[in-house]
Amino acid sequence: MNRCGFYSADILLPKNDFEKWSVVACDQFTSEPHYWAETEKITKGVRSTYNLVLPEAYLSKDNSEKIKGINDSMAQYLKEGVFNEYKNAMIFVERTLPAGKVRYGIVGAVDLDEYDFSKGSRSLIRATEGTVLERIPPRVEIRKDAPLELPHVMLLIDDIEKTVIEPLKNMELTVLYDFELMQGGGHLKGSLIPENIQKNILSKLEALMDKGGDDPLLFAVGDGNHSLATAKTCYNNEPNSLNKYALTEIVNIHDEALEFEPIYRVIFNVDTEDFIKELSKTFTEGSKTIEWYTKDSKGEVHTSGLTVGSLQPFIDAYLAKHSEAECDYIHGVGSTLALADAENRVGLIFDGMDKSELFPFVCEKGALPRKTFSMGEAESKRYYTEARAIKE
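What you see is a predicted model, and the numbers here were worked out from it, not measured in a lab.

**Student:** An account of the packing of aromatic side chains is requested, with residue identities and associated values reported.
**Tutor:** One pass over the full model with this rule turns up 18 aromatic pairs. Both rings, one in tryptophan 21 and one in tyrosine 77, keep their centres 6.0 Å apart while their planes meet at 40 degrees; by these two values the pair is tilted. Residue tryptophan 21 is located in helix α1 (residues 18-21), and its partner tyrosine 77 is located in helix α3 (residues 64-80); the two are separated by 56 residues in the primary sequence. The residues tryptophan 21 and tyrosine 77 share a single accessibility class, namely buried. Ring plane angle 35 degrees and centroid distance 6.3 Å describe the contact between phenylalanine 314 and tyrosine 318, whose orientation is recorded as tilted. With a gap of four residues between them, phenylalanine 314 and tyrosine 318 both fall in helix α8 (residues 307-321), about one helical turn apart. Just as phenylalanine 314 is buried, tyrosine 318 falls in that class too. Each member of the aromatic cluster is reached from another via a ring pair, and the members are Phe29, Tyr35, Trp36 and Tyr50.

Set out below in structure tokens:
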């Protein structure tokens, strides 16, 4: 055991055809089902992680049939010997993003005993945004009987001197996969990290932890907060030696390719005139701008401080009074404007937080409002590639 809560894992990878195997995180393109329809077309008739996840665009009140299909596919893949297993493995990930920059990370397992998503947590691994408890049960239904997990969780470390991940760039490592991601996702390369180098990684993580004082924050959840909270809930409900851990990728917040993007809002099924009237009445002055867009008009209002910190409570209060209205959280200006270009919709675009603000904010004040930031736009998210058994 080590002190930093990060471990090697028995990682499963498909034996071939990575291009159709890997699909983007299930919580992306939630209001753009055409993306997932194209993914389904690309992966039809082949083994793919598309068959092992439930895109949130397709979530419904009763997901039981879809979930059974996912679990059956996992069991079938295991029975058919689809995977190669790499025992006690960590994987060095080189992700070329659509714009050409390369983001680096390490895939391994975190100890869920070191993670607490409750408000005011001082755990080694902490949520960076408020966890919406109602979003956990549907995800638990998907995970609780699944024999495998596939990670899209990304944890951030605050390693300004670049001691943990970046040294791997200069090492000769055994390449496990190297391929183009579907639907404009860029390129993905993964290499096996030898045991002696793993030990050095852990010692560097412990050194980072020791800089954090009595209540160090070593890992801040960058992506997949609700997925990690689901893993923790399933572990609490039915603990075993495998689901005590969760497969994740750790990334340095100081990686030049890592960019924080705002997560915009689109309000659906709304009286646009009334919504904009209330928005304009609430936000009257400040140095921060919120732009609003409808099918036929656009404008702006102003606020101060963290924009989402004031905008999200306004949206929540408005939705509470207008049950027919709904809010979705959108990655990318283009997608937001396209979705707003229809009747009874309002798109909201605004500046986000700087990534240098994250660790100080979480250490001092706790979790941010939900959906405050995104680590890049949708195509830059993690693609499901690695898997791990979570049933004994």
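**Student:** Go over the packing of helix α7 (residues 272-282) against α8 with me, naming the residues and quoting the values.
**Tutor:** It is at 12 Å that the axes of α7 and α8 come closest, and there the two elements cross at 140 degrees. In terms of axis orientation, α7 runs oblique to α8. The chirality of how α7 crosses α8 is right-handed. Here Asp274, Phe275, Glu278, Leu279 and Thr282 of α7 come into contact with α8, specifically with Leu311, Phe314 and Tyr318. Tallied by class, residues from the contact of α7 with α8 come to five nonpolar, one polar and two charged.

**Student:** Before we move on, could you go through the packing of helix α4 (residues 136-143) against helix α6 (residues 225-237) and cite the residues and values that matter?
**Tutor:** Where α4 contacts α6, the two axes come as close as 9 Å, and the packing angle between them is 65 degrees. Pair α4 / α6 crosses with right-handed handedness. The residues of α6 that touch α4, namely those facing Ile136, Arg139, Val140 and Arg143, are His226, Ala229, Thr230, Ala231, Thr233 and Cys234. Considering only residue class, the contact of α4 with α6 consists of five nonpolar, three polar and two charged.

**Student:** For α3, give the residues involved together with the corresponding values.
**Tutor:** Taking 1.5 Å as the rise per residue, α3 with 17 residues should run 24 Å; its terminal C-alpha atoms sit 24 Å apart, in good agreement. Buried residues of α3: Ile67, Ile70, Asn71, Ser73, Met74 and Tyr77, and no others. Along α3, the residues classed as buried sweep out an arc of 155 degrees about the axis, all on the same side. Exposed and facing more than 90 degrees away from the buried side of α3 are Glu65, Lys68 and Lys79. Of the surrounding elements, those touching the buried residues of α3 are α1, β3 (83-89), α4 and β8 (148-149).

**Student:** Go over unusual backbone geometry with me, naming the residues and quoting the values.
**Tutor:** Located in the positive-phi region is phenylalanine 29, a residue other than glycine, with phi close to 55 degrees. On the basis of relative accessible area, phenylalanine 29 is assigned to the buried category, the value being 8%. Unlike most non-glycine residues, asparagine 269 shows phi in positive territory, near 55 degrees. With respect to the helices and strands, the residue asparagine 269 is situated in the loop between β14 (260-268) and α7. We classify asparagine 269 as partly exposed; its relative accessible area is 44%.

**Student:** Run through the pairing of strand β13 (residues 245-252), naming residues and quoting values.
**Tutor:** Moving residue by residue along a regular strand, the side chains alternate between the two faces of the sheet. β13 sits mainly inside the fold: eight of its eight residues count as buried. What you see with β13 is no split at all: Tyr245, Leu247, Glu249 and Val251 on one side and Ala246, Thr248, Ile250 and Asn252 on the other are buried throughout.

**Student:** Break down the environment of phenylalanine 350 for me, with residues and values.
**Tutor:** Tracing the backbone through its elements, the reader meets phenylalanine 350 in strand β18 (residues 346-350). For phenylalanine 350, a relative accessible area of 4% gives the class buried. In sequence terms phenylalanine 350 and threonine 128 are 222 residues apart; their C-alpha atoms lie 19 Å from each other. Apart from the residues lying within four places of it in its own chain, the contact partners of phenylalanine 350 are Pro262, Ile263, Tyr264, Arg265, Thr289, Ile290, Thr307, Val308 and Leu311.

Rules and cut-offs
Residues numbered from 1 in each chain as written. Predicted model: local features only at pLDDT ≥ 70, side-chain atom pairs only at ≥ 80, totals over all residues. Heavy atoms only, no water. Phe/Tyr/Trp six-rings, centres within 6.5 Å; stacked < 30°, edge-to-face > 60°. Helix = DSSP H or I, 4+ residues; strand = E, 2+ residues; numbered from the N terminus. Buried < 20%, exposed > 50% of the residue type's maximum accessible area, 1.4 Å probe, protein only. Axes fitted to C-alpha atoms, helices over the stretch in contact; angles between N-to-C directions. Parallel < 35°, antiparallel > 145°, perpendicular 65-115°, else oblique. Left-handed = near helix turned anticlockwise from the far one by under 90°. Contact = heavy atoms within 4.5 Å. Nonpolar A, V, L, I, M, F, W, Y, C, P; charged D, E, K, R; others polar. Expected span 1.5 Å × (residues − 1). Arc of directions from axis to C-beta.

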